[in-house]
Amino acid sequence: AHLQPQMDESSILRRADCRAKGGSPGFKVAILGAAGGIGQPLAMLMKMNPLVSVLHLYDVVNSPGVTADLSHMDTGAVVRGFLGQPQLESALTGMDLVIIPAGVPRKPGMTRDDLFNINAGIVKTLCEGVAKCCPNAIVNLISNPVNSTVPIAAEVFKKAGTYDPKRLLGVTTLDVVRANTFVAEVLGLDPREVNVPVVGGHSGVTILPLLSQVKPPSSFTPEETEYLTNRIQNGGTEVVEAKAGAGSATLSMAYAAVKFADACLRGLRGDAGVMECAFVASEVTELPFFATKVRLGRTGAEEVYQLGPLNEYERVGLEKAKEELAGSIQKGIAFIKK
Ligand code: NAD
Ligand code: LMR
């Protein structure tokens, strides 16, 4: 069913076996929406990831071309393409990790919630496929509005009887990546040395950077705190406006998605101490979902960390974040329950 007839099953298995002998576990990863602005660079970076043995690229358009192109790269992962709904099940069967950047992006003047009407249905269909074909896979959900699409996915999995909260992760890594970059600029540091926890959700005021917990320990003036918080919360809009109708962040998002997916795969492999922020089922606040630091292990988000000490500015921000998040989560749940 796949689009690479020159690579038969036995040669794929030989390559996977060869990798196993080399000590690499070789995970199977699917990207849904793989021909899109995020999907293409994400697929390229995953093709370069040594933890990936098989890479399935699914889209409703253009996946054959992207697959042919990437399949010429002399890296270990075997790439196969899948086009359109009839091939969704083949794309998903046997996958360890499913990354979902399918859906429409924003144009200037839109909020992420304006994408709900189109993207909710796309996420629902794709997650029904996951529930049927790879119910034990880890899911990295990128499609916006993440604050609603993660609750939608959870409800789809609950309905199918496959829901495991540890395996469903909304990707908020881009907020952390931006926060690290902008904070490093203010501190005059290399961004690779900076780590900023960003909690809450992935939209406007729900994006809550915890500047009081920045590593290395740093202090900020009230003006710096205000500037950094606003810039981090509006990072997505900054890119949407600069692209002026041609879409939203794709390259930095692909980088962030791979950073997060790689952490998930290292967790699956059994590495110790793999920590990332993600939007997950949570008991940290009274809301059913919340982004905080999580520990990624063999079964997904094995530990969800508390917020830690907040300063007054962050406590005020947390209340605003929770208020908006509550509505977005409810909207997602209602979409499936209606
Ligand atoms: P894009 O339009 O360039 O690509 C989307 C791809 O999804 C297209 O190739 C399209 O054919 C495909 N698609 C549409 N319906 C599909 C379906 N039913 N099944 C499979 N594929 C389908 O958009 P993009 O810039 O790649 O953004 C994708 C999504 O990611 C948007 O919703 C955007 O808002 C979101 N996003 C999230 C973050 C984040 O931090 N979580 C960051 C950036 C963008
Ligand atoms: C982002 O943060 O860049 C994405 O959520 C895309 C957007 O619409 O801003």
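Going by an unreviewed UniProt entry, the protein chain carries the name Malate dehydrogenase and comes from Gossypium hirsutum. In its Catalytic activity (unreviewed entry) section, the UniProt entry covering the protein chain states "(S)-malate + NAD(+) = oxaloacetate + NADH + H(+)". Of the comments in the UniProt record for the protein chain, the one headed Subunit (unreviewed entry) reads "Homodimer."

For the rest of this paragraph, the subject is the site of ligand 2. In the region of ligand 2, the neighbouring residues are P105, R106, R112, N144, L174, G235, G236, V239, V240, S248 and A249. The element that contributes the greatest number of residues to the shell around ligand 2 is helix 9 (residues 235-243), accounting for 4 residues. Within the shell around ligand 2, the residues separate by chemical class into 5 nonpolar, 4 polar and 2 charged.

Looking now at the site of ligand 1. Near ligand 1, the surroundings consist of 33 residues, among which G33, G36, G37, A102 and N144 are the closest. Of the residues forming the shell around ligand 1, the biggest block, 4 residues, is contributed by helix 5 (residues 116-133). Considering only residue class, the shell around ligand 1 consists of 18 nonpolar, 13 polar and 2 charged.

Our next topic: helix 7 (residues 173-187). Two residues of an α-helix separated by three or four positions point the same way, owing to the 3.6 residues in each turn. Taking 1.5 Å of rise per residue, 15 residues should cover 21 Å, and helix 7 covers 21 Å from first to last C-alpha, within 8% of that figure. On its buried face, helix 7 sits against strand 7 (198-200), strand 8 (207-209), helix 8 (222-233), helix 9, helix 10 (251-269) and strand 9 (274-281). In the segment just after helix 7, G188 is the residue with positive phi, at about 70°.

Calculation rules
- Residues numbered from 1 in each chain as written.
- Chains lettered and ligands numbered in written order.
- Predicted model: local features only at pLDDT ≥ 70, side-chain atom pairs only at ≥ 80, totals over all residues.
- UniProt positions renumbered as here; feature names shortened; annotations may be inferred.
- Near = placed C-beta within 6 Å.
- Helix = DSSP H or I, 4+ residues; strand = E, 2+ residues; numbered from the N terminus.
- Nonpolar A, V, L, I, M, F, W, Y, C, P; charged D, E, K, R; others polar.
- Expected span 1.5 Å × (residues − 1).
- Contact = placed C-beta atoms within 7 Å.

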